[in-house]
Amino acid sequence: MIVSLVKRPEQSQSMVYVSPLIALVFTLIAGIIMFMIMGVDPSEALYAFFVEPLTSSYGWAELGVKATPLILIGVALSIGFRAGVWNIGAEGQLTLGAICGGGIALWLYDVDSFFVLPLMIIFGVLGGMFWAAIPAFLKTRFNANEILTSLMLTYVATLLLSLLVHGPWRDPDGFNFPESRIFSDSATLPVIWSGTSLHLGWVFALAAVAGIWVLMSRTIIGFQIKVVGQAPDAGRHAGFSVNKMVWFVLLLGGGMAGLAGLFEVSGPIGQLLPSISPGYGFTAIIVAFVGRLHPIGVLFAGLLIALSYLGGESAQITMNMPLAVTGVFQGMLLFFLLACDVLIGYRIQWGSSAAASATGSGAVSNEVPNG
Amino acid sequence: MGEVLIAAVLTIITAATPLVYASIGEMISEKAGVLNLGVEGMMLMGAVCGFAAVNATDSSAIGIIVGMLAGSGLSLIFAVLVLGFQATQVATGLALTIFGIGISSLIGQDLVGIAYDGLPKLPIPGLSAIPVAGKLLFNHDILVYGSFVLILVVSWFLRSTRSGLILRAVGDSHDAAHAIGYHVIRIRYMAILFGGAMSGLAGAYLSLSYSPLWIENMSAGRGWIALALVVFATWRPWRVFTGAYLFGGITILQLHAQALGIGVPAQVMSMLPYVATIIVLVLISQDHNKIKLNAPACIGKPFHPTS
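> Looking at this model, I keep getting lost on the overall build of chain A. Mind explaining?
The secondary structure content of chain A amounts to 15 helices and two strands. Its C-alpha atoms give chain A a radius of gyration of 22 Å, within 12% of the compact-globule value 21 Å for 371 residues. Counting all 371 residues of chain A, 56% fall into the buried class. Expressed as a percentage of contacts within chain A between residues at least 6 apart in sequence, the contacts between residues at least 24 apart total 78%. About 15,300 Å² of surface is accessible on chain A, with carbon and sulfur atoms providing 66% of the total. Both charge centroids of chain A, one from 14 positive and one from 18 negative side chains, sit 19 Å from each other.

Take a look at the structure:
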């Protein structure tokens, strides 16, 4: 008895949606095993992770707060992944957004005006776009792999932030701690649910989902992105400029990541610190995939992954569990999802491989950028 | 001055050694047509498991072996997903790194703050007494010597052995290799596991020799630099070696800048390796054909045997 994969004549649409659910089930099972290895009661741990955070209105608000950057970035990255552009430096673009937007907040520290926040938002977006423009330029002009350049720039961005908060932007009254001044009220995001920390960024995240959905399903740009991603040659023959596409998706991803970064520092954090994100820019990659590279999917995936962050914190407090468990959960979810996605293109056949290959056909060819 | 220079060269060697391991491993995997972006995760896994093993057994040999096994253990997940489940290599590699960062800090949470003497130096009798050269070349730990041996063996393997030829065939045209009767999947499994083992060794070198302790995320992007080095080297072992040592040279600027009285903030110096990676990538990628001619033709493409 051998398990073999048989290529489906066409991709299974239902499996596109079922696969994340199967992956989630497997992730939970693997999580139970992990907790047992750690010597923790699995039911207690799973409760602390996935249920307890949602038992209070505080928890629900926090869910929105944590989902905001994930959705903003994830929804933009999913466009890029569809176009075959692998921007994995969103974390750096987020950091630059925080630096540029936060810089405005510090610069206009004494200005009490309605216009401070919009200006910060604009500069946050521009900062992220600028950081993403570098890999875009290097990719289109010099053919340099955007995976590696965007990632290297993440390290540079983190060091830049560290340089600024250790040096020129350090709070003069801050006892030499590497922190900026706490932003003034006019540089702080308004809270949209009083009594909680849910801020205006959540509205932007929902708007981004809607906007990207329209872009992808109703505009020619969205159509071009899909074509170039699925069949680059067809796109070229149709006269779509691949370079323009690279610029577009990278600037979009950078801008959204910058926005997310600005929201972090002017919302939940309220100042510039050496570390402003627990890796939202990287986790957004998982969000994009779990969300099936579709805006609505990303919305739900963002909430799910946000819950894993929240659960990690709650399990740390109530059960003294290390925060790293969150990362392990997220990684496992992506692993299982990628494994389950085989069911979209193939079906499982129990039997000898000879019988299977008789009905099977051609290898899939997923072009992957390189070099 | 002589002393300073020797110290400088020794720093270059220690900074280059993990890069040599990781990028040679990745190069082999890419030669077989598999792009594994999980190097960073596998390095961290090697680092934490190697360190944990030394801590538990007090044997550096066991530490090295465990580090190697941990790296290839993680790469096995990648191999199964990519080869067995036809998952996209880029996404799976990213997942491997994210998972590796998480699981390594989970494993290492009780190891933070524990100190270790570092791998013992193994001076080669006689040779190590030679002035200057003895210190530079013949007074290292086992992993530095190992990296020299590795580069020799790998370049010989790829150039002069039948197995090396088969490996390259699988990476350049899996359909043709399959048609001739080679086991594409099996060969790719071996290449991925080898790559994982080398990344694990690179990590073990970091936690057992480079800075003998465990810190979360201690590889600090070296896995990614290793990936860039493979492109920089246009998939040739000796160029990988040269590239790794060039990067070692940059690291040294970072470490000795203050000693040399260069008044640049530490963060700016720390940016150097990453900026250099970008510059190097740009320089090498500029020539479209150079990459096209040298890159394994099937890199990143999944293979599903049909007959």
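Additional details are given in the paragraphs that follow.
> For this particular structure, what's the right way to read the packing of aromatic side chains?
Aromatic rings considered in pairs are described by the distance between their centres and by the relative angle of their planes. Tallied over the entire structure, the rule returns 20 aromatic pairs over all chains. Ring centres of Phe49(A) and Phe329(A) lie 5.0 Å apart, and the angle between their planes is 50°; this geometry places the pair in the tilted category. With Phe49(A) in helix H2 (residues 42-51) and Phe329(A) in helix H13 (residues 324-340), this pair connects stretches of sequence that are 280 residues apart. With a relative accessible area of 0%, Phe49(A) lands in the buried category. With centroids separated by 5.0 Å and ring planes inclined at 65°, the aromatic side chains of Phe335(A) and Phe99(B) adopt a geometry described as edge-to-face. Linking Phe335(A) in helix H13 with Phe99(B) in helix H4 (residues 89-107), this pair reaches from one chain into another. An identical accessibility class is assigned to Phe335(A) and Phe99(B); each is buried.

> Looking at this model, I keep getting lost on the packing of helix H3 (residues 60-84) of chain B against H4(B). Mind explaining?
In a packed pair of helices, the relevant descriptors are the angle between the two axes and the axis-to-axis distance. Residue and element names in this part refer to chain B. Where H3 meets H4, the axes come as close as 10 Å, and the angle between the chain directions of the two elements is 155°. If you check the angle between H3 and H4, you find them roughly antiparallel. Crossing handedness for the pair H3 and H4: right-handed. On the side of H3, the interface is formed by Leu74, Ile77, Phe78, Leu81 and Val82, while H4 contributes Gln89, Thr92, Gly93, Leu96, Phe99 and Gly100. Taken together, the residues of the contact of H3 with H4 break down into seven nonpolar, four polar and no charged.

> What should I look at first to understand a nonpolar patch on the surface in this one?
The grouping of Val25(A), Phe26(A), Ile29(A), Ile33(A) and Ile37(A) at the surface amounts to a nonpolar patch, some 490 Å² of accessible area in total. With respect to the helices, strands and loops of the structure, Ile37(A) is situated in helix H1 (residues 13-37).

> Just checking my understanding: could you explain the packing of helix H3 (residues 57-82) of chain A against helix H11 (residues 280-290) of chain A for this structure?
Residues and elements named next belong to chain A. H11 packs onto H3 with a crossing angle of 60° between their chain directions and a minimal axis gap of 7 Å. Of the two possible hands of crossing, H3 and H11 adopt the one that is right-handed. Residues Lys66, Pro69, Leu70, Ile73, Gly74, Leu77, Ser78 and Phe81 of H3 touch H11, and the partners they reach there are Tyr280, Gly281, Thr283, Ala284, Ile285, Val287, Ala288 and Phe289. Here the residues of the contact of H3 with H11 are counted per class, giving eleven nonpolar, four polar and one charged.

> Explanation requested: the pattern of salt bridges in the structure shown.
Residue and element names in this part refer to chain A. Going through the model one piece at a time under the given rule, you end up with four salt bridges over all chains. Note that Glu62 is salt-bridged to Lys66, the shortest N-O span being 3.2 Å. Here the residue Glu62 and the residue Lys66 both occupy positions in helix H3, the gap between them amounting to four residues, near one helical turn. The same class applies to Glu62 as to Lys66, namely buried.

> Honestly, the side chain of Ser150(A) in this entry has me stumped. Any pointers?
Residue and element names in this part refer to chain A. Counting through the fold element by element, Ser150 comes out in helix H6 (residues 146-166). Take Ser150: its relative accessible area is 1%, and that puts it in the buried class. Among the polar contacts made by the side chain of Ser150, one reaches the main-chain amide nitrogen of Ile88 at a distance of 3.3 Å. At a separation of 3.2 Å, a polar atom in the side chain of Ser150 contacts the main-chain amide nitrogen of Gly89. Ser150 has contacts with Trp86, Asn87, Ile88, Gly89, Gln93 and Pro135, leaving out every residue within four places of it along the chain.

> Explain the interface of chain B and chain A here, please?
In many reports, interface size means the accessible area that the parts give up when they come together. The partner chain A presents 50 residues to the 53 residues of chain B that form the contact. Around 4,500 Å² of area is buried between chain B and chain A when both sides are counted, 80% of it from carbon and sulfur atoms. By the criterion of area lost to chain A, the three top residues of chain B are Ile98(B), Gln267(B) and His304(B), representing 13% of everything that side buries. Here chain B is connected to chain A by zero salt bridges. Seen at the junction of chain B and chain A, the total is four residue pairs in polar contact (both at pLDDT 80 or more). Examining the composition of the side of chain B that touches chain A, we find that twelve residues originate from one element, H4(B), more than from any other.

> What should I look at first to understand the nonpolar core in this one?
Considering soluble globular proteins, one finds that nonpolar side chains tend to be buried as a cluster. Ranked by internal contacts, the top residues of the largest apolar core, which has 216 residues, are Phe35(A), Met120(A), Phe289(A), Met27(B) and Trp224(B). Of all the elements, H3(A) adds the most residues to this core, at 13 residues. Counting the residues that make up this core, at least three belong to each of domain 1 (1-40 + 321-357) and domain 2 (60-172 + 183-306) of chain A. Those residues in contact with Phe289(A) that lie beyond four places of it in its chain are Phe81(A), Trp86(A), Leu334(A), Leu337(A) and Ala91(B).

Calculation criteria
- Residues numbered from 1 in each chain as written.
- Chains lettered and ligands numbered in written order.
- Predicted model: local features only at pLDDT ≥ 70, side-chain atom pairs only at ≥ 80, totals over all residues.
- Heavy atoms only, no water.
- Helix = DSSP H or I, 4+ residues; strand = E, 2+ residues; numbered from the N terminus.
- Rg over C-alpha atoms; globule rule 2.2 N^0.38 Å.
- Buried < 20%, exposed > 50% of the residue type's maximum accessible area, 1.4 Å probe, protein only.
- Contact = heavy atoms within 4.5 Å.
- Areas by Shrake-Rupley, 256 points an atom, 1.4 Å probe, with all protein chains shown as cover.
- Lys, Arg positive; Asp, Glu negative; His and termini not counted.
- Charge placed at Lys NZ, Arg CZ, Asp CG, Glu CD.
- Phe/Tyr/Trp six-rings, centres within 6.5 Å; stacked < 30°, edge-to-face > 60°.
- Axes fitted to C-alpha atoms, helices over the stretch in contact; angles between N-to-C directions.
- Parallel < 35°, antiparallel > 145°, perpendicular 65-115°, else oblique.
- Left-handed = near helix turned anticlockwise from the far one by under 90°.
- Nonpolar A, V, L, I, M, F, W, Y, C, P; charged D, E, K, R; others polar.
- Patch = residues over 30% accessible without salt bridge, like charges linked within 9 Å, V, L, I, M, F, W, Y side chains within 5 Å.
- Salt bridge = Lys/Arg side-chain N within 4 Å of Asp/Glu carboxyl O.
- Polar contact = N/O pair within 3.5 Å; in protein donor to acceptor, adjacent residues only side chain to side chain.
- Buried area = accessible area lost by both parts, 1.4 Å probe.
- Core = buried A, V, L, I, M, F, W, Y, C linked by side-chain atoms within 4.5 Å.
- Domains from an automatic or database assignment.

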